[in-house]
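Structure assessment
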Amino acid sequence: MFRDITYSDASRLDALDETHTKFVMDEDTFRAFYDRTARGVWAYLARVTGDRQMADDLLQEAFYRFLRADAEHDNETHRRNSLYRIATNLARDARRRSLVRIPALIGGDDIERVAGRCNHAGETETQTDVSRAMSRMKPRERAMLWLAYAEGASHREIADVLGVSPDSMKSLLFRARRKMAELLRGKDGRQ
Amino acid sequence: MSPVECDFEADVLSAVMQSRWPEQTDSSLVTHASTCPVCSDVVAVAGVVDESREALRTEAHLPDSGRVWWVAQMRARREAAKTAGRPITVVQVLAFACAMGLMGACFGATSQWFQSALQRMGAGFDVQQLMAATGTAITEHGILTLLVIALMVAIPGAIYLVVVRE
């Protein structure tokens, strides 16, 4: 009887003040934003963590934290950078938690899986090379190169996403690019 | 110290990303890239990373945006409910502390009777004497005794209800 006159869990949740569940955007805006960005963010997370399953989990977490963040975004670029910054932090935290089991970036079986799904022989070889080269780089270097050449981000945007000084971005990117180029050329040199 | 940037870097990058490299690119730029360490690295890396992006993007199995929104809503509400529940827990703890304080006060008020009862029990356990002492306590401190008994029943009951509901 006592339970009959109390709120059910669902109605209790509905009765909560809306300010507690406030998101940075409404549903329609979010869905459009998600459709535009989710695939790119997933690819970024998969590259940086080297784990597709982790990328699946972190993607949802990243969008949730983005929605709950107490932030105002001036434009689409700002919004996107904010999302990538959250994704970067999540990937870093996840990596710290699972340092023991962290594999090479999309390494081992994943490399073969990526390769196997590519139809074109040349494309397959390229994917395998990239995966192997990336797997030998530091997570921050991977993130940097991905943002620069897969997402087309500027130095300032990369610095903002990764939380490094914009002044040091040029030299950091140069070193990461050099390292990857040498890894890619190293493969050519053996042939 | 080798340079970390080149004036032609943006042009080279643009040509690579637009798949114009090297056939549809100015030959002087191609020649430059073959000797410039910065531009040659850009050529080696940018194109393959971009290709990798396209391949990886097709691998993503993303949940529907509506589902992600709904899950986020549910989670936010759950967290809000949890946050809202925190002050209630604090109040419950305070109420428990007050009740314990009240019990202590009651015990202090009846301690003379309690100590004398203990002494009588120590002297020799006598059921009749105990019943008489209890009767005396009820008649002399009736309200306080009843209050103590009520609290001893009510507090465990309240704790049980809270635990069951959570």
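Definitions and cut-offs
- Residues numbered from 1 in each chain as written.
- Chains lettered and ligands numbered in written order.
- Predicted model: local features only at pLDDT ≥ 70, side-chain atom pairs only at ≥ 80, totals over all residues.
- Heavy atoms only, no water.
- pLDDT = per-residue confidence, 0-100.
- Helix = DSSP H or I, 4+ residues; strand = E, 2+ residues; numbered from the N terminus.
- Buried < 20%, exposed > 50% of the residue type's maximum accessible area, 1.4 Å probe, protein only.
- Contact = heavy atoms within 4.5 Å.
- Salt bridge = Lys/Arg side-chain N within 4 Å of Asp/Glu carboxyl O.
- Core = buried A, V, L, I, M, F, W, Y, C linked by side-chain atoms within 4.5 Å.
- Buried area = accessible area lost by both parts, 1.4 Å probe.
- Polar contact = N/O pair within 3.5 Å; in protein donor to acceptor, adjacent residues only side chain to side chain.
- Nonpolar A, V, L, I, M, F, W, Y, C, P; charged D, E, K, R; others polar.

Attention now moves to the confidence of the model for chain B. Residue and element names in this part refer to chain B. The predicted model of chain B averages 82 in pLDDT, with 89% of residues at 70 or higher. Ranking the helices and strands of chain B by mean pLDDT puts helix α2 (residues 27-35) first, with 92, and helix α5 (residues 111-123) last, with 71. Taken together, the chains of this predicted complex give a pTM of 0.66 and an interface ipTM of 0.71.

Okay, unusual backbone geometry next. Excluding glycine, a negative phi dihedral is what most residues carry, and trans is how most peptide bonds are arranged. Residues and elements named next belong to chain B. In this structure, P22 follows W21 across a cis peptide bond, with omega equal to -5°. As for its position among the elements, P22 is in the loop between α1 (9-17) and α2. The phi dihedral of S19 is positive, around 55°, even though this residue is not glycine. You can see S19 is positioned in the loop between α1 and α2.

Bringing the side chain of A:T88 into the picture now. Residue and element names in this part refer to chain A. Residue placement: T88 occurs in helix α4 (residues 76-97). In this structure T88 comes out as buried when scored by relative accessible area, which is 12%. With residues near it in sequence (within four places) discarded, T88 still touches Y44, V161 and L162.

With the rule as written, the count across this model stands at 18 salt bridges over all chains. The partner of A:E27 in a salt bridge is A:R31, and the shortest N-O contact between them spans 3.6 Å. You can see A:E27 and its partner A:R31 sitting in helix α2 (residues 27-49), 4 residues apart, about one turn around the helix. For A:E27, a relative accessible area of 31% gives the class partly exposed. For A:R178, the salt bridge is made with B:D41, and the minimal N-O distance between the two is 2.9 Å. Remark: B:D41 occurs in helix α3 (residues 37-57) and A:R178 occurs in helix α9 (residues 166-190); the pair is interchain, linking two chains. Under the relative-accessibility criterion, B:D41 is labelled buried at 0%. Each member of the salt-bridge network shares a partner with another, and the members are A:E61, A:R65, A:R68, B:R75 and B:E79.

Further remarks concern the nonpolar core. Among the nonpolar cores identified, the biggest contains 76 residues, and A:Y44, A:F63, A:L145, A:Y149, A:L162 and A:M180 are the most heavily contacted of them. With 11 residues, the single largest contributor to this core is α2(A). Residues within four places of A:L145 in sequence aside, it is in contact with A:M134, A:M137, A:A150, A:L173, A:A176, A:R177, A:M180, B:V45 and B:V49.

Turning to the interface of chain A and chain B, a few remarks are in order. Taken together, the contact pairs 52 residues of chain A with 46 residues of chain B. Between chain A and chain B lies a buried interface of about 4600 Å² when both sides are counted; carbon and sulfur atoms form 62% of it. On the chain A side of the contact with chain B, A:R39, A:Y149 and A:R177 bury the most area, a combined 15% of that side's loss. Between chain A and chain B we count 9 salt bridges in total. On the surface where chain A and chain B come into contact, there are 15 residue pairs in polar contact (both at pLDDT 80 or more). Elements that contribute at least two residues to the side of chain A that touches chain B include exactly α1 (9-14), α2, α3 (52-68), α5 (109-117), α6 (121-135), α7 (139-149) and α9 of chain A. Broken down by element, the side of chain A that touches chain B gets its largest block of residues, 12 residues, from α2(A). For the side of chain A that touches chain B, the class distribution of residues is 26 nonpolar, 8 polar and 18 charged.

Glancing now at the confidence of the model for chain A. Residue and element names in this part refer to chain A. This prediction gives chain A a mean pLDDT of 78; 71% of its residues lie at or above 70. Note on residues 1-8: pLDDT under 50 across the span, and 3 contacts to partners over four residues away in sequence or across chains. In this model, residues 102-119 is a region of pLDDT below 50 whose contacts with residues beyond four sequence positions or in other chains number 39 contacts.

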